[in-house]
Amino acid sequence: MSSSDIFIGETIGTAMLILLGGGVCAAVTLKRSKAQNAGWLAITFGWGFAVLTGAYLAGGVSGAHLNPAVTIGLAIEGGTKWSDVPLYLGSQLLGAMIGAVLVWITYYGQFRAHLTDPEILAEQPAEEGLVDQKAAPKAGPVLGIFSTGPEIRNAVQNLATEIIATVVLVLAILTQGLNDNGNGLGVLGALVTSLVVVGIGLSLGGPTGYAINPVRDLGPRIVHALLPLPNKGGSDWSYAWIPVAGPLVGGAIAGGLYNLAFK
């Protein structure tokens, strides 16, 4: 697999993942969206279908990692060369940022309607600079479309949740190679992985919103900080390290567990 294959596959595949995953969050969150208030089931299945689409698109080109945690797990397992890891991670981050921008373009009118709605503005503290810095909001009213956040802010629990959920994901991906006499599941593997993501969302997503993918959180969070969204509030950078570190640690643990238990 060439460097250009990795770059093209991971960039396009991750962009599609974030476009559809962030898109369902926007659809459920924003005013003037036909899917507003569709709920957690819509979000979990939307992200599952996002994984399915991105994986099908990129599978034959780059292997469809679409996630640094998966790349790290595969490198520890031995299926990916360590020399390719930086290219995978850089391509995934670029794709995630592109996908987040496409969500903004798709829902441009809804973003403006939501962020200028008097009811939404009334729920937000005064803008930063008009009040004490400590009282300024840490997360804006549409940040959840772009990135994750905890329901209860406890760094140890939040980090543990992301690690555990990512171990489930990456271990499920790695063990696909044990099926069909070691040949894996082929295109069926993308469907299985998407269903695993749905299961993680339903079972483990409640505490933190289940990033389970560093670039899924970091790339869109950067875009949220840069986009000219009115009244968008903060990007909650004090929390941002957890959905990056947790999945990376979880991916590494899954790779190690696979080598110990399944090889």
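Refer to the structure above for everything that follows.
As a starting point, this report considers the structure included with it. (Residues numbered from 1 in each chain as written. Predicted model: local features only at pLDDT ≥ 70, side-chain atom pairs only at ≥ 80, totals over all residues. Heavy atoms only, no water.)

1. Section: the packing of aromatic side chains
Piece 1. Per the stated rule, a full pass over the model turns up five aromatic pairs.
Piece 2. Both rings, one in tryptophan 40 and one in tyrosine 210, keep their centres 5.8 Å apart while their planes meet at 70°; by these two values the pair is edge-to-face. Taken together, the residues span a long stretch of sequence, with tryptophan 40 in helix H2 (residues 40-62) and tyrosine 210 in the loop between helix H9 (188-204) and helix H10 (214-226) at a distance of 170 residues.
Piece 3. Taking relative accessible area as the criterion, tryptophan 40 reaches 36% and is therefore assigned partly exposed. (Phe/Tyr/Trp six-rings, centres within 6.5 Å; stacked < 30°, edge-to-face > 60°. Helix = DSSP H or I, 4+ residues; strand = E, 2+ residues; numbered from the N terminus. Buried < 20%, exposed > 50% of the residue type's maximum accessible area, 1.4 Å probe, protein only.)

2. Let's talk about empty space enclosed by the protein
Piece 1. Applying the stated rule across the entire model yields one cavity of 30 Å³ or more.
Piece 2. The volume enclosed by the largest cavity comes to roughly 50 Å³.
Piece 3. Taken together, Ile18, Gly22, Trp47, Ala100, Val103, Ile145, Phe146, Arg216 and Pro220 make up the lining of the largest cavity.
Piece 4. Elements supplying a minimum of two residues to the lining of the largest cavity: helix H1 (3-29), helix H4 (85-106), helix H7 (143-146) and H10.
Piece 5. Of the residues belonging to the lining of the largest cavity, the class tally is seven nonpolar, one polar and one charged. (1 Å grid on protein atoms, 1.4 Å probe; cavity = no way out; pocket = protein on both sides within 12 Å on 5 of 7 lines; lining within 4 Å. Points joined across faces, edges and corners; volume = space filled by probe spheres on them. Nonpolar A, V, L, I, M, F, W, Y, C, P; charged D, E, K, R; others polar.)

3. Comments concerning a nonpolar patch on the surface
Piece 1. Taken together, the side chains of Phe7, Ile8, Ile12, Leu57, Val61, Leu94, Ile98, Leu102 and Ile105 define a hydrophobic patch exposed on the protein surface, amounting to about 720 Å² of accessible area.
Piece 2. Elements with a minimum of two residues in the nonpolar patch: H1, H2 and H4.
Piece 3. The greatest single-element share of the nonpolar patch, amounting to four residues, is contributed by H4.
Piece 4. Relative to the elements of secondary structure, isoleucine 12 occurs in helix H1. (Patch = residues over 30% accessible without salt bridge, like charges linked within 9 Å, V, L, I, M, F, W, Y side chains within 5 Å. Areas by Shrake-Rupley, 256 points an atom, 1.4 Å probe, with all protein chains shown as cover. Salt bridge = Lys/Arg side-chain N within 4 Å of Asp/Glu carboxyl O.)

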